[in-house]
Amino acid sequence: DARRSRHRRSSEEQNMTLTNYWWLLIWLVLVGGLLVVVVPKKPVQVLDKTEYRWSWGASLLLACPYVIWAATRVNFGDTEVYRKMFRDMPTLGKALAEYLAEHGKDQGFTVLAATLKTFIGNNDKLFFFLIAVFQMFCIVYFFRRYSTNFFLSMFMFVVSTDYLSWMFNGMRQFIAVCIILLSFELILRKKVLWAIAVILLAATFHASALMMIPLIFVIQGRAWNRKMLLFLACVGVAILLIDPFILLLDSVLAETQYSDLITNDIWKNDNGANPLRALFYSIPAILSLIGKRCIDQENSAVVNLCVNCCACTAILYLVSVFSSGIYIGRLPVYTTLQGYAVMPWLINHMFTKQSAKIIAGGLVLGFVAFFYYQMHIAWNAL
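The following refers to the structure shown. (Residues numbered from 1 in each chain as written. Predicted model: local features only at pLDDT ≥ 70, side-chain atom pairs only at ≥ 80, totals over all residues. Heavy atoms only, no water.)

## Here's the deal with the overall build of the protein chain
- A count of helices and strands for the protein chain gives 22 helices and two strands.
- Counting contacts in the protein chain only where the partners sit at least 6 residues apart, residues at least 24 apart contribute 74% of the total.
- Surface exposure of the protein chain reaches about 18,500 Å², of which carbon and sulfur atoms provide 64%. (Helix = DSSP H or I, 4+ residues; strand = E, 2+ residues; numbered from the N terminus. Contact = heavy atoms within 4.5 Å. Areas by Shrake-Rupley, 256 points an atom, 1.4 Å probe, with all protein chains shown as cover.)

What follows is the structure, encoded as structure tokens:
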């Protein structure tokens, strides 16, 4: 009986595991398309302005399977490394203090994992589930609040394969990204000290979050303002002087947990990010440059901030092409989701109603083509 029970439970878990990645698109098209038609929008206050958005119920319904698939994933990216780490993790107490003394990297994540293990035991699927719930809640909250088209923004997040890259793979860094997403309104309202406090908390989960401290000053103001152009110029100089820049970075990191970043085999064998990938993620920035006059006329704080985040994404991806796709190429995720949020606004305000439908259709087809390329050619997962 016990053996049959274990077999039945194993079969149920296998049934929940995503094995055909086309379901990522099928669910979006079938359920998302239906919700677009039948669900009335609700009023939401965004910076003291009334906007109309999907209801929480509809938003969570669309997102629910993506939480379950992330929780039940197996053998994808770093999943098994995280699984082993959680199983080997001590619970709260003296053993945790000793563990932290030996593992000094990103201790916020360690404390979170140990805390969860104290209450849920060695149930790694429940561990993945709770992390996925938090991450997806942050994404739904952000898109529902700041995107004029929740469905299109969710579509871009999933079909760009960022969903798989971060909720299936780079889980620890994506927790930091999601924590910073929650501080977006603090940045909008220029509550800098509170925003920095949130970023410092995120940095305990992944130190790369510290990059956002200087960026929250760069992205303030109108879209493509002088600070952004100066930042772009500095990046251009860094690309031209990439070798001295790497030596400087190696010197700066010498006494940190990333002291071997430049000298390890991963960096040495890394030929940089794929230029096609960099171009793909630069689409929102390119579109915002074309439609800058519309953006300036609207002068929306949300749109300006999101557009400047798009610019940072494009710039960071450009740097990753000439340096490291593995290390530098992971940094743009802190500003990529803001690009997905602003894309529907750009399309609807830059083009006529009929043209906007054509552009949105072209965008969808382009993302599906990228999904196929990434999943079939780059990852060999389809």
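## Brief notes about a nonpolar patch on the surface
- Together, W22, W23, I26, V29, L30 and Y372 give the surface a local cluster of nonpolar side chains, amounting to about 590 Å² of exposed area.
- Counting residues per element, the nonpolar patch draws most heavily on helix 2 (residues 23-38), at four residues.
- Here W22 shows up in the loop between helix 1 (2-16) and helix 2. (Patch = residues over 30% accessible without salt bridge, like charges linked within 9 Å, V, L, I, M, F, W, Y side chains within 5 Å. Salt bridge = Lys/Arg side-chain N within 4 Å of Asp/Glu carboxyl O.)

## Considering the packing of aromatic side chains
- Evaluation of the coordinates by the stated rule reveals 30 aromatic pairs.
- Geometrically, the ring pair formed by W22 and Y372 is stacked, given 6.4 Å between the ring centres and 20° between the ring planes. With W22 in the loop between helix 1 and helix 2 and Y372 in helix 22 (residues 353-378), this residue pair connects regions lying 350 residues apart in the sequence.
- Using a relative accessible area of 32% as the deciding quantity, one classes W22 as partly exposed.
- Linked through ring pairs, Y21, Y66, W69, F76, F157, Y163, W166, F168, F174 and W379 together constitute an aromatic cluster.
- Positioned above the aromatic ring of F128, the side-chain terminus of R73 is 4.2 Å from the ring centre.
- A cation over an aromatic ring shows up here: R73 above the ring of F168, its NZ or CZ 5.9 Å from the ring centre. (Phe/Tyr/Trp six-rings, centres within 6.5 Å; stacked < 30°, edge-to-face > 60°. Buried < 20%, exposed > 50% of the residue type's maximum accessible area, 1.4 Å probe, protein only. Lys NZ or Arg CZ within 6 Å of the ring centre and 35° of its normal.)

## A closer look at empty space enclosed by the protein
- Scanning the model with the defined rule gives two cavities of 30 Å³ or more in all.
- What the largest cavity holds in volume is close to 70 Å³.
- If you go around the largest cavity, the residues you meet are F280, Y281, P284, C310, T313, T336, G339, Y340 and F367.
- Of all elements in the fold, only helix 17 (275-281), helix 20 (301-322) and helix 21 (333-350) reach the threshold of two or more residues within the lining of the largest cavity.
- With three residues, helix 21 is the largest single contributor of residues to the lining of the largest cavity.
- Here the residues of the lining of the largest cavity sort into six nonpolar, three polar and no charged. (1 Å grid on protein atoms, 1.4 Å probe; cavity = no way out; pocket = protein on both sides within 12 Å on 5 of 7 lines; lining within 4 Å. Points joined across faces, edges and corners; volume = space filled by probe spheres on them. Nonpolar A, V, L, I, M, F, W, Y, C, P; charged D, E, K, R; others polar.)

## Regarding the environment of L230
- Examined against the element boundaries, L230 turns out to sit in helix 14 (residues 226-240).
- In this structure, the C-alpha to C-alpha distance between L230 and V218, residues twelve residues apart in sequence, is 9.3 Å.

## Side note on the side chain of S160
- As for its placement among the helices and strands, S160 is situated in the loop between helix 8 (150-159) and helix 9 (162-169).
- A polar contact of 3.1 Å, which involves the side chain of S160, links it to the backbone oxygen of F157.
- Discounting residues that sit within four places of it in the chain, S160 has contacts with F155, F280, Y281, Y340, F367 and F370. (Polar contact = N/O pair within 3.5 Å; in protein donor to acceptor, adjacent residues only side chain to side chain.)

## Regarding unusual backbone geometry
- The residue N75 is not glycine, and still its phi comes out positive at about 50°.
- Along the chain, N75 turns up in the loop between helix 3 (56-71) and helix 4 (79-88).
- You will see that W224, though not glycine, has its phi angle at about 55°, which is positive.

## Topic: the pairing of strand 1 (residues 42-46)
- Of the strand pairs in this sheet, strand 1 and strand 2 (residues 49-53) are connected by five bridges, and their pairing is antiparallel. Of the residues in strand 2, the one forming a bridge with V46 is K49.
- Between the end of strand 1 and the start of strand 2, which pair antiparallel, lie two residues, with L47 showing a positive phi angle near 50°. (Pairing = 2+ DSSP bridges.)

## Quick notes on the nonpolar core
- Counting residues in each nonpolar core, the largest one holds 126 residues, and the members touching the most others are L24, M136, F143, F157, Y163 and F174.
- Per-element tally for this core: the top contributor is helix 20, with 15 residues.
- In this structure Y163 touches L24, Y66, W69, A70, M136, F157, V158 and F168, once residues within four positions along its chain are discounted. (Core = buried A, V, L, I, M, F, W, Y, C linked by side-chain atoms within 4.5 Å.)

## As for the pattern of salt bridges
- For the structure shown, the criterion picks out eleven salt bridges.
- Of the charged contacts in the structure, one is a salt bridge between D88 and K84, with a shortest N-O distance of 2.7 Å. Here D88 pairs with K84, and both are found in helix 4, just four residues apart, close to one helical turn.
- Residue class for K84 comes out exposed when judged on its relative accessible area of 54%.
- Measuring nitrogen to oxygen at the nearest pair gives 3.1 Å for the salt bridge that ties E185 to R189.
- Taken together, the shared-partner salt bridges connect E80, R83, R87 and D124 into one network.

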